[in-house]
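# Breakdown of the fold
Here is what each chain is made of, one letter per residue.
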Amino acid sequence: MTDVVQGSKNKADFWFDPACPFAWVTSRWIGEVEKVRDIETEWHVMSLSVLNEGRELESDYQRAMDENWGPVRVIVAASELHGKEHIKPLYDAMGTLIHNEGVKDRPEVIRRALEQVGLPADLAGYADSDEYDSQLRASHKSGIELVGQDVGTPVVAFNGTAFFGPVMTRVPEGEEAGQLWDASVTLAGYPHFFEIKRTRTERPKAV
């Protein structure tokens, strides 16, 4: 295993929607970075359903947006009722079910994720409740305002400077993950850097 690089601790803020495969791959990269760099990561929810409100969408995508309210609402409810420390474990459990195991039924994802992390099963009822939508929208806004409305997930802030992405389709490991982190921090540290982008030629591969 590569040793953790010594030095001052860097900070990552990560906004995710558990349904997004691109956010999932990038989040797994952050997990690899934590093994080889001294970083502190804070996890925040955002919502593609919120982002796409009021937009004219194709019927299949609109159906997906309607279904995707549930998981993120449950994460927010768990955070509000049981503590923010449950955000990441629930994300890990839901993301593994959705992206690695291919579970498409959102109620099943929620039920199994709650069971895996040891949270009360009745939290699943918040999937269809707007009780904590104000908190969800506030978290979403805190991330999206840093990068603008014309992006999706993930939104990642490196030591306070936020970007959409980095978007990856594979999960780098070991020192390669650390080097990509170093490059991201360097770019974020230059106040006039805004964007690198190219057309994607493959879908995310989470495993």
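For clarity, every value in this text was computed on a predicted model and none was experimentally measured. (Residues numbered from 1 in each chain as written. Predicted model: local features only at pLDDT ≥ 70, side-chain atom pairs only at ≥ 80, totals over all residues. Heavy atoms only, no water.)

### Let's talk about the overall build of the protein chain
Secondary structure assignment for the protein chain yields eight helices and four strands. Put simply, the protein chain runs from its N terminus to its C terminus through helices and strands in the order β-α-β-α-α-α-α-α-α-β-β-α. The C-alpha radius of gyration of the protein chain comes to 17 Å, within 12% of the 17 Å expected for a compact globule of 207 residues. Its C-alpha atoms give the protein chain principal-axis dimensions of about 45 × 40 × 30 Å. Within the protein chain, buried positions represent 46% of all 207 residues. Here the protein chain displays about 11,000 Å² of accessible surface, and carbon together with sulfur accounts for 48% of that area. Both charge centroids of the protein chain, one from 22 positive and one from 34 negative side chains, sit 4 Å from each other. (Helix = DSSP H or I, 4+ residues; strand = E, 2+ residues; numbered from the N terminus. Rg over C-alpha atoms; globule rule 2.2 N^0.38 Å. Buried < 20%, exposed > 50% of the residue type's maximum accessible area, 1.4 Å probe, protein only. Areas by Shrake-Rupley, 256 points an atom, 1.4 Å probe, with all protein chains shown as cover. Lys, Arg positive; Asp, Glu negative; His and termini not counted. Charge placed at Lys NZ, Arg CZ, Asp CG, Glu CD.)

### Description of the confidence of the model for the protein chain
The share of residues in the protein chain with pLDDT of 70 or more is 95%, and the mean pLDDT across the chain is 92. Here residues 1-7 is a poorly scored stretch, pLDDT under 50, and it has twelve contacts once near neighbours within four places are set aside; other chains count. (pLDDT = per-residue confidence, 0-100. Contact = heavy atoms within 4.5 Å.)

### Topic: the side chain of Asp17
Topologically, Asp17 is positioned in the loop between β1 (5-16) and α1 (21-36). In terms of polar contacts, Asp17 uses its side chain to reach the backbone amide nitrogen of Leu48, at 2.9 Å. Ignoring any residue separated from it by four or fewer positions in sequence, one finds Asp17 in contact with Ala23, Met46, Ser47, Leu48, Ser49 and Thr153. (Polar contact = N/O pair within 3.5 Å; in protein donor to acceptor, adjacent residues only side chain to side chain.)

### Looking at the pattern of salt bridges
For the coordinates displayed, the defined rule picks out 15 salt bridges. Glu53 is the salt-bridge partner of Arg137, the closest N and O atoms lying 2.8 Å from each other. One end of the pair, Arg137, is in helix α7 (residues 133-147); the other, Glu53, is in the loop between α2 (48-51) and α3 (59-67), and 84 residues separate them in sequence. Residue Glu53 is classed as partly exposed on the basis of its relative accessible area, which comes to 40%. Of the charged contacts in the structure, one is a salt bridge between Lys88 and Asp92, with a shortest N-O distance of 3.0 Å. Of this pair, Lys88 and Asp92 both sit in helix α5 (residues 87-100), four residues apart, roughly one helical turn. (Salt bridge = Lys/Arg side-chain N within 4 Å of Asp/Glu carboxyl O.)

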